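Reading the structure
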Amino acid sequence: MIAHRGASSEAPENTLAAFGRAIEIGADFVELDVHAGPRGELLVSHDRPRGHEVPQLGEVLELCRGRIGVMVELKTPYRYRRFGFVERVLELLDDDAVVVCFEPGAIARVRALRPELRTVQHVAFVPMRLAAARGCWAVGLDDRRMTRRSLRAAARLGLATTVYTVNDEARIEELAELGVTGIFTDVPRQALALLARLPAG
């Protein structure tokens, strides 16, 4: 169970409060978005930061370290190449972190620099076979595109499956029964309670 931008239904998204709440709830991972600020600082925010106060990546990682898994989404990495964006993010990540991105070039850069890190290629615009060829651990699928067929295709390529962003309890239950690897959700507390009620296996 992946707390999307933290427990974002209970605290403002991508804040220390939201990540802290996800830890308290017992989510398996938090997902967070990283941009570069105007001076190259690594800021946690879904949209491009515009001067408002947002946490720095190092602060969030320190809060989460040893307490919850971390999935770091690289937002528009090529916009920030002049800051050495991908390289500087990777310098801060522990070996058990997971890196997520839509852009296959950025995923390839992560695989080249830190091959021990698990990577998730969102496949809205690229084929699954490219994610497999890059050595990705998993693909990220928009819930509207997640079908039994796509699940089988991922399995044939040796890829785990993560699905974003799912808040409907019936759909969370359906995905769990289908056997997806991970579910991004804004409501991790409700999702965990639901999964606890499902039969084992």
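That block above? That's the structure.
Residues numbered from 1 in each chain as written. Predicted model: local features only at pLDDT ≥ 70, side-chain atom pairs only at ≥ 80, totals over all residues. Heavy atoms only, no water.

On the secondary structure map, Thr161 appears in strand β8 (residues 160-164). Here Thr161 falls in the buried class, since its relative accessible area comes to 2%. Not counting residues within four places of it along the chain, the set of residues in contact with Thr161 comprises Ala138, Val139, Leu141, Leu151, Ala154, Val180, Thr181 and Gly182. (Helix = DSSP H or I, 4+ residues; strand = E, 2+ residues; numbered from the N terminus. Buried < 20%, exposed > 50% of the residue type's maximum accessible area, 1.4 Å probe, protein only. Contact = heavy atoms within 4.5 Å.)

Let us now look at unusual backbone geometry. The backbone phi angle of Arg5 is positive, close to 60°, even though this residue is not glycine. Structurally, the position occupied by Arg5 is in the loop between β1 (2-4) and α1 (16-25). On the accessibility criterion, Arg5 (15% relative accessible area) is buried. Non-glycine residue Asn14 carries a positive phi angle of around 55°. Inspection of the secondary structure puts Asn14 in the loop between β1 and α1.

This part covers the pairing of strand β6 (residues 118-122). Two faces belong to every sheet, and in a regular strand the side chains alternate between them. Along β6, 4 of the 5 residues are buried, which leaves the element largely enclosed by surrounding structure. Bridge count for strand β5 (residues 98-101) against β6 is 4 bridges, and the pairing is parallel. Counterpart to Val98 in the pairing with β6 is Arg118. You can see the chain leave β5, run along helix α4 (residues 104-113) and come back into β6, and the turn it takes is right-handed. Note: β6 against strand β7 (residues 138-142), 3 bridges, orientation parallel. Bridge pairing in β7 places Val120 opposite Ala138. Remark: the β6/helix α5 (residues 128-133)/β7 crossover connection has right-handed handedness. (Pairing = 2+ DSSP bridges. Right-handed = clockwise from strand over helix to strand, strands pointing away.)

Here we take up the packing of helix α3 (residues 85-92) against α4. α4 packs onto α3 with a crossing angle of 45° between their chain directions and a minimal axis gap of 10 Å. As far as their axial angle goes, α4 and α3 are oblique. Here the hand of the crossing between α3 and α4 comes out right-handed. Contacts from Val86, Glu87 and Leu90 in α3 reach Arg109, Val110 and Leu113 in α4. Grouping the constituent residues of the contact of α3 with α4 by class yields 4 nonpolar, no polar and 2 charged. (Axes fitted to C-alpha atoms, helices over the stretch in contact; angles between N-to-C directions. Parallel < 35°, antiparallel > 145°, perpendicular 65-115°, else oblique. Left-handed = near helix turned anticlockwise from the far one by under 90°. Nonpolar A, V, L, I, M, F, W, Y, C, P; charged D, E, K, R; others polar.)

Moving on to the packing of helix α7 (residues 169-178) against helix α8 (residues 188-197). When two helices pack together, their arrangement is given by the angle between the helix axes and the distance between those axes. Here α7 crosses α8 at 50°, and the two axes come no closer than 10 Å. In terms of orientation, α7 and α8 fall into the oblique class. The handedness of the crossing between α7 and α8 is right-handed. Residue-level inspection shows Glu169, Ile172, Glu173 and Ala176 of α7 in contact with α8, the latter providing Gln190, Ala191, Leu194, Leu195 and Arg197. A per-class count over the contact of α7 with α8 returns 5 nonpolar, 1 polar and 3 charged.

With the rule as written, the count across this model stands at 3 aromatic pairs. With 5.2 Å between their ring centres and 55° between their planes, Tyr80 and Phe85 make a pair best called tilted. The burial state of Tyr80 is the same as that of Phe85; both residues are buried. A centroid spacing of 6.2 Å and a plane angle of 85° characterise the contact between Phe102 and Tyr164, whose relative ring orientation is edge-to-face. Taken together, the positions of Phe102 in the loop between β5 and α4 and Tyr164 in strand β8 put the pair 62 residues apart, joining distant regions of the chain. By relative accessible area, Tyr164 is classed as buried at 14%. Counting every residue linked through ring pairs, the aromatic cluster contains Phe102, Tyr164 and Phe184. (Phe/Tyr/Trp six-rings, centres within 6.5 Å; stacked < 30°, edge-to-face > 60°.)

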